[in-house]
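# Structural features, examined
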Amino acid sequence: MALLQIAEPGQSPVPHQRKVAVGIDLGTTHSLVAAVRHSVPEVLPDANGQALTPSAVYYAAHDEVVVGRSALAYQQSHPTDTLVSIKRLMGKSLKDAVDSGMPYQFEEMGASVAIVTQNATVTPVKVASHILKSLKQQAEETLGDDLVGAVITVPAYFDDAQRQATRDAARLAGLNVLRLLNEPTAAAIAYGLENGSEG
């Protein structure tokens, strides 16, 4: 069973009609994707069996994009081309980015900010979309089905611009956002599931 299954009332979904959705925690340091399988919430591992995916993206030459653990391998040799903690820049202005103390070169791009690497100039939304796309592929490979959408957690302090930036990143990744869920709410729901609590 997946986190969301859609069927006509009174009918159980058959495999070719089921609709699969996942939950995604797009984190500052690490991200993960989970689904409810066989009535049990389960974090979906990557190809190496790892549950957590580092929220890191390396922009190599020839438009090559490396995500996760493989991207972190380049952090020592290419620190300004390996982007980490980008969630902090979602929905922020150039001034906010410069004031963040992050070691990247920034430039203004419309009302947003862009990070300039040796091989690419990308917005935080684009960077986040690469992470989300990687998680989407990970989920589809594990579940063996296309996703109808995802519930994505965001910090409770995220303002409208940051929430919209998260939605935009998901859209670029080919994900339909079913809902943005505040992280404290997600934690409370998880606590309730584990303890069988009601309310």
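Residues numbered from 1 in each chain as written. Predicted model: local features only at pLDDT ≥ 70, side-chain atom pairs only at ≥ 80, totals over all residues. Heavy atoms only, no water.

### Things to note about the pattern of salt bridges
Inspection of the entire model under this criterion finds five salt bridges. Here E42 and R37 are joined by a salt bridge, their closest N and O atoms 3.1 Å apart. Owing to a relative accessible area of 23%, R37 belongs among the partly exposed residues under this scheme. When the shortest N-O distance is used, the salt bridge between K136 and E140 registers 3.4 Å. You can see K136 and its partner E140 sitting in helix α3 (residues 124-143), four residues apart, about one turn around the helix. By relative accessible area, E140 is classed as buried at 19%. (Salt bridge = Lys/Arg side-chain N within 4 Å of Asp/Glu carboxyl O. Buried < 20%, exposed > 50% of the residue type's maximum accessible area, 1.4 Å probe, protein only. Helix = DSSP H or I, 4+ residues; strand = E, 2+ residues; numbered from the N terminus.)

### Quick notes on the sheet that holds strand β9 (residues 112-116)
If you walk across this open sheet you meet the three strands as β8-β9-β10, and the pairing is antiparallel. With partners counted over all chains shown, the strands left at the sheet margins are β8 (105-109) and β10 (121-122), one partner each. As paired elements, β9 and β10 share two bridges and run antiparallel to each other. In the strand pairing of β10, I115 is matched with V122. (Pairing = 2+ DSSP bridges.)

### Re α3
The α-helix advances 3.6 residues per turn, and as a result positions three or four apart in sequence lie on the same side. For α3, which comprises 20 residues, the first-to-last C-alpha distance of 28 Å matches the rise-based estimate of 28 Å (1.5 Å per residue) to within 8%. Burial analysis of α3 places 14 of its 20 residues in the buried class, which makes it a mostly covered element. Positive backbone phi, approximately 70°, marks G144, located one or two places after α3. (Expected span 1.5 Å × (residues − 1).)

### Let's talk about the packing of aromatic side chains
The description of an aromatic ring pair uses the distance of the two centres, along with the angle that the planes make with each other. A full pass over the atoms with the stated rule returns two aromatic pairs. Centroid distance Y157 to F158: 5.7 Å. Interplanar angle 75°. Geometry classified as edge-to-face. You can call Y157 exposed: its relative accessible area is 63%. (Phe/Tyr/Trp six-rings, centres within 6.5 Å; stacked < 30°, edge-to-face > 60°.)

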